[in-house]
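Spelled out, the chains give:
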Amino acid sequence: MELTSEQELVRDTVREFVENEVGSDVREADETQTFPEDVWDGLAELDLTGLTVPEEYGGMDVDEVTYSIVNEELAYGHLAVATALSVHCLATSCIREFGSESRREEWLPEMVSGRPVGAFALSEPDAGSNPAEMTTEAVREGDEYVINGKKQWITNGERAGVVVLFAKTDRDDPETVTQFLVPKDTAGLEVGKKEDKLGLRASDTTTLIFDDVRIPAENRLTEVGSGLKAAFSILTGGRIAIASQAVGVAQAALDAAVAYANEREQFGQPIIEHQAIGHKLADMQTDVQAARLLTRDAARKNEDGVDPTAAAMAKYFASEAAVDVANEAVQVHGGYGYTKDFDVERYYRDAKITTIYEGTSEIQKKIIARDLKSR
C-alpha cells in the first residue's frame, strides 16, 4: 500500500527523531522504570502530542494511516513512549468528539503542547474485558458529580494532568456508564499502586482512586448511559494504534535478528547462511509485512467509518505476530538473546503486552466471530 508524500514525510521525521533522540536511553528507562520526559517534550516540539486534535485548536488532526505510521515508528524505538502517546491521543480524541466547545477550548490547546498529559480510565480491578461490570460511580448532586471508585491499569497514571473517566451514574445499572473529564489535581483523586511489570517498564501504569471527587456537571462528556458506546468507538482507533505498535516492535526484533545473523559465524559462515536460520528469518519477515498490511488496511477503513472488525483483526494478528517474531529473534541470538546485553530480550518482554491491553486477543477473536455470525 503506497503512502502519500505527506505520510512519507511524517514517517521519515519520526524515524529520524527515534534514531537521534530515543535509542540511547531506552535500556536505562526500562531498568529504572522511569519515563523519558525529555523524549515526550521532543514529541511535543514536533506537534505529535496533537495528532488527534483539530487544527483550530493547534493540533495536526492527521488521517488514520498517518496516525498508524507514527505509532509504528515510535514503537520501533521505544514502546513505552508510543503507548503513552496513544493513550494521550485517546484522551484528546474523547474531548474532541464528546466535549462541549468550552471544554475543547479549555483543554485541547494545552494538551497539544504536551502538558497536561491525558489518561484514559476505563478498566477496574474486577472489570477488565467486561467494562459494564465497573463499580466506579458518579452521582449527580446539584451542579456537580461526586465520584467514588477505583480504576486500574492506567497508562500515564502518575504523569497525567487530566483523566477521561468512565463511571456509572447508578452503580447497580450497567446502562448508566457515562464519560467524564476529571482534572488530575481535583481533591480526592489519588494515584495508587504503580505496577511492577514484565515489560513496558518505562510506562507508568497505576491505579487511580476516586474518593468523593467533585467535578462540575459540565465536565460530563457524554449523555448519561452513552459512555460505553463512546468508549468502543474511540477504542477502535486505539486498537489500530496498538496493532501499529506491535508492528514496530516486531520490525525492531526482526532487524536485530537479521543484523546478528549476518555478523555471527558458526561452522565457518554467517548463521544466516544456515537454512534453519534463513528460513526462520523468512517467516519473521512475512509475519511482519502481513501484520503491517493488515494494520494499514484497518486504518484506511477506519478513515471511512468505524470498522471494529478490521481493527480487531489487525490488533489480533499484529500483536500475536509481534510475540512470535520477538521470540524467534531471541532464538536467533541463542544464549546472548537471553541477556540484557541485547535488545531482543526487551522486545520479547514488551511484545506480550500488545496482546493484552485495549482488548485481549480473546476479545478481538470474539469481535471477529460476532461479525461472521451476523453475515
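Just so it is clear, the model here is predicted, and its values are computed rather than measured.

A.B. asks: Just give me the short version of the packing of helix H9 (residues 308-333) against helix H11 (residues 361-373), but keep the residues and values in it.
C.D. replies: Across the interface, H9 lies against H11 with an axial gap of 9 Å and an inter-helix angle of 140°. Considered as vectors, H9 and H11 are oriented oblique to each other. The two elements H9 and H11 cross, and the hand of that crossing is left-handed. Facing Pro308, Thr309, Ala312, Met313, Lys315, Tyr316, Ser319 and Glu320 of H9, the residues of H11 in contact are Ser361, Gln364, Lys365, Ile367, Ile368 and Asp371. Among the residues forming the contact of H9 with H11, the class breakdown is six nonpolar, four polar and four charged.

A.B. asks: Can you lay out helix H8 (residues 275-304) for me, pointing to particular residues and giving the numbers?
C.D. replies: Residues spaced three or four apart along an α-helix point in a common direction, a consequence of the helix completing one turn every 3.6 residues. Between the first and last C-alpha of H8 there are 44 Å, a value that for 30 residues agrees with the 44 Å anticipated at 1.5 Å per step. All of the buried residues along H8 are Ile277, Leu281, Met284, Val288, Ala291, Arg292, Thr295, Arg296, Ala298, Ala299 and Asn302. Buried residues belonging to H8 abut helix H4 (64-77), helix H7 (227-263) and H9. One or two steps after H8, the chain reaches Gly305, where phi turns positive at roughly 150°.

A.B. asks: Break down unusual backbone geometry for me, with residues and values.
C.D. replies: Cis peptide bonds are those with omega within 30 degrees of zero, and the linkage from Arg115 to Pro116 qualifies with 10°. Following the sequence through the fold, Pro116 ends up in the loop between helix H6 (101-112) and strand S1 (117-121). In the Ramachandran plot, Gln33 falls in the positive-phi region, its phi being about 55° despite a non-glycine side chain. Here Gln33 is to be found in the loop between helix H2 (26-32) and helix H3 (37-45). Note on Gln33: relative accessible area 19%, which makes it buried. One non-glycine residue, Asp212, lies in the positive phi region at around 55°. Along the chain, Asp212 falls in strand S7 (residues 205-216). What makes Asp212 partly exposed here is its relative accessible area of 47%.

A.B. asks: Before we move on, could you go through the packing of H7 against H9 and cite the residues and values that matter?
C.D. replies: Put simply, H7 and H9 touch, their axes get as near as 8 Å, and they point 20° apart. In terms of orientation, H7 lies roughly parallel with respect to H9. Where H7 crosses over H9, the handedness of that crossing is left-handed. Split into classes, the residues belonging to the contact of H7 with H9 amount to 21 nonpolar, three polar and two charged.

A.B. asks: Any details on the UniProt feature "domain: Acyl-CoA dehydrogenase/oxidase N-terminal" (unreviewed entry) in the protein? Residues and values, ideally.
C.D. replies: Mapped onto this numbering, the UniProt entry annotates "domain: Acyl-CoA dehydrogenase/oxidase N-terminal" (unreviewed entry) at residues 4-114. From the first C-alpha to the last, residues 4-114 spans 27 Å; its make-up is 72% helix and 0% strand.

A.B. asks: Got a sec to walk through the side chain of Thr206? Specific residues and values, please.
C.D. replies: Along the chain, Thr206 turns up in strand S7. Excluding residues within four positions of it along the chain, Thr206 makes contact with Lys151, Gln152, Trp153, Ile154, Gly157, Glu158, Val191, Gly192, Lys193 and Lys194.

A.B. asks: So what's going on with the environment of Asp196? Residues and values would help.
C.D. replies: In this fold, Asp196 is placed in the loop between strand S6 (189-194) and S7. Taking the C-alpha atoms as reference, Asp196 lies 9.5 Å from Thr206; in sequence the two are 10 residues apart. For Asp196, the residues in contact, after removing those within four places along its chain, are Gln33 and Arg201. Of note is the side chain of Asp196, whose polar atom sits 3.3 Å from the side chain of Gln33. A polar contact is formed between the side chain of Asp196 and the side chain of Arg201, at a distance of 2.9 Å.

Calculation criteria
Residues numbered from 1 in each chain as written. Predicted model: local features only at pLDDT ≥ 70, side-chain atom pairs only at ≥ 80, totals over all residues. Heavy atoms only, no water. Axes fitted to C-alpha atoms, helices over the stretch in contact; angles between N-to-C directions. Helix = DSSP H or I, 4+ residues; strand = E, 2+ residues; numbered from the N terminus. Parallel < 35°, antiparallel > 145°, perpendicular 65-115°, else oblique. Left-handed = near helix turned anticlockwise from the far one by under 90°. Contact = heavy atoms within 4.5 Å. Nonpolar A, V, L, I, M, F, W, Y, C, P; charged D, E, K, R; others polar. Expected span 1.5 Å × (residues − 1). Buried < 20%, exposed > 50% of the residue type's maximum accessible area, 1.4 Å probe, protein only. UniProt positions renumbered as here; feature names shortened; annotations may be inferred. Polar contact = N/O pair within 3.5 Å; in protein donor to acceptor, adjacent residues only side chain to side chain.

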